[in-house]
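Understanding the architecture of this molecule
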Amino acid sequence: MKHIVIYPGTFDPITNGHIDVLERAVNLFDEVIVAVLTNPSKTPLFTVKERIDLITQIVQNQERVRIESFSGLLVEFAERAGAQAIIRGLRAISDFEYEFQMALVNRKINSKLTTVFLMPNEKYTYLNSTIVKELASFGGKISDFVPEIAEKALKKKFFSK
Ligand code: PNS
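Rules and cut-offs
Residues numbered from 1 in each chain as written. Predicted model: local features only at pLDDT ≥ 70, side-chain atom pairs only at ≥ 80, totals over all residues. Heavy atoms only, no water. Near = heavy atom within 4 Å. Polar contact = N/O pair within 3.5 Å; in protein donor to acceptor, adjacent residues only side chain to side chain. Areas by Shrake-Rupley, 256 points an atom, 1.4 Å probe, with all protein chains shown as cover. 1 Å grid on protein atoms, 1.4 Å probe; cavity = no way out; pocket = protein on both sides within 12 Å on 5 of 7 lines; lining within 4 Å. Sits in = over half its atoms within 2 Å of the grid points. Helix = DSSP H or I, 4+ residues; strand = E, 2+ residues; numbered from the N terminus. Nonpolar A, V, L, I, M, F, W, Y, C, P; charged D, E, K, R; others polar. Core = buried A, V, L, I, M, F, W, Y, C linked by side-chain atoms within 4.5 Å. Buried < 20%, exposed > 50% of the residue type's maximum accessible area, 1.4 Å probe, protein only. Contact = heavy atoms within 4.5 Å. Salt bridge = Lys/Arg side-chain N within 4 Å of Asp/Glu carboxyl O.

Around the ligand, the surrounding shell holds 13 residues, and the nearest of these are Gly9, Thr10, Lys42, Leu74 and Arg88. With respect to the ligand, the side chain of Thr10 contributes an N or O atom lying 2.5 Å from an oxygen atom. Within the side chain of Arg88, a nitrogen or oxygen atom sits 2.9 Å from an oxygen atom of the ligand. For the ligand, the protein covers 76% of the area, taking 550 Å² as the surface of the free molecule. The cavity where the ligand resides is the largest pocket. Among the elements that line the shell around the ligand, the one with the most residues is helix H4 (residues 93-109), at four residues. Grouping the constituent residues of the shell around the ligand by class yields seven nonpolar, four polar and two charged.

Below you can see the structure in the form of C-alpha cells.
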C-alpha cells in the first residue's frame, strides 16, 4: 500500500522551516502532497499561483512530492487524494493548542485520517511566514529564513513598482 500524506498550509510564502518539515515527511512517506490553501477569508501577499510556483521551483521535480491547491475542508481534499495522514509542523508549545484543536476536529470528521506532527530543526522555532513578511517589508535580512527564490519574490512584492 502506498502511503500518501498531505502537507497543508497557506505557505505565504514557503519558509526554510516548511522545507525542513517537508524533507522529514518525504523520508517517512511514499508521496507527499503539498496542499496550498485557497482561502478567500485570508488576504495573502502571494496569489495561490505565485505560492505554488515558488514551492515548485524550490522543490524542483522531487519525484515523491506533488504540489496542489485546495479549497474547502482539508479532510475532504485528503480523502479525494487517497491520503492516510496529514502532516503539520510543530515548533513550540504556542502552536500546540491550535494544532491540537485542528487535528481533533479533522479526526472527528474522518477517524481514519491521522495527523502527524513533525518538529523542524530548533533553529526554526521562532520562524513563520508572517514574521518573514514583516521583516521583508522593512528591508530586513531574511536570507537565513527563506530560500533565495522566495527572498527575491518578497523583495519584488515590497520594493518594485
Ligand atoms: O499554514 P496555516 O495557515 O497554518 O494552515 C492552516 C490550514 C490550511 C491547515 C487550515 O486552515 C485548513 O486546514 N484549512 C482548510 C479548512 C478546514 O478544513 N478547516 C477545518 C480544520 S479545523
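Another aspect to go through is the nonpolar core. Ranked by size, the top nonpolar core spans 21 residues in total, and within it Tyr7, Phe11, Leu22, Val32, Ile55 and Ile87 carry the most contacts. Secondary structure elements with two or more residues in this core: strand S1 (4-9), helix H1 (16-28), strand S2 (31-37), helix H2 (48-59) and strand S4 (85-89). Excluding residues within four positions of it along the chain, Tyr7 makes contact with His18, Val21, Leu22, Val32, Ile33, Val34, Ala35 and Ile87. Within the second largest apolar cluster, 14 residues are counted, among which are Ile6, Leu37, Phe77 and Ala81.

Take Phe70: it is sitting in strand S3 (residues 65-70). Of the residues examined, Phe70 reaches a relative accessible area of 7% and is grouped as buried. Counting along the chain gives 67 residues from Phe70 to His3, while the straight-line C-alpha distance between them is 20 Å. Leaving out residues up to four positions away in the same chain, Phe70 has contacts with Pro8, Ala35, Val36, Leu37, Thr38 and Phe77.

Examined against the element boundaries, Asp12 turns out to sit in the loop between S1 and H1. Taking the relative accessible area as the measure of exposure, Asp12 reaches 3% and is therefore buried. Distance in space between the C-alpha atoms of Asp12 and Ser143 is 16 Å, their sequence separation being 131 residues. At a separation of 2.7 Å, a polar atom in the side chain of Asp12 contacts the main-chain amide nitrogen of Leu45.

Tallying each qualifying case throughout the model produces 12 salt bridges. Between Glu99 and Arg88 there is a salt bridge, with its nearest N and O atoms 2.8 Å apart. Separated by 11 residues along the polypeptide, Glu99 in helix H4 and Arg88 in strand S4 bring together distant segments of the chain. Arg88 shares its class with Glu99; the two are buried. Salt-bridge contacts for Lys141 lead to Asp144; the nearest nitrogen and oxygen are separated by 3.4 Å. The network of salt bridges with shared partners includes Lys2, Glu31, Arg66 and Glu68.

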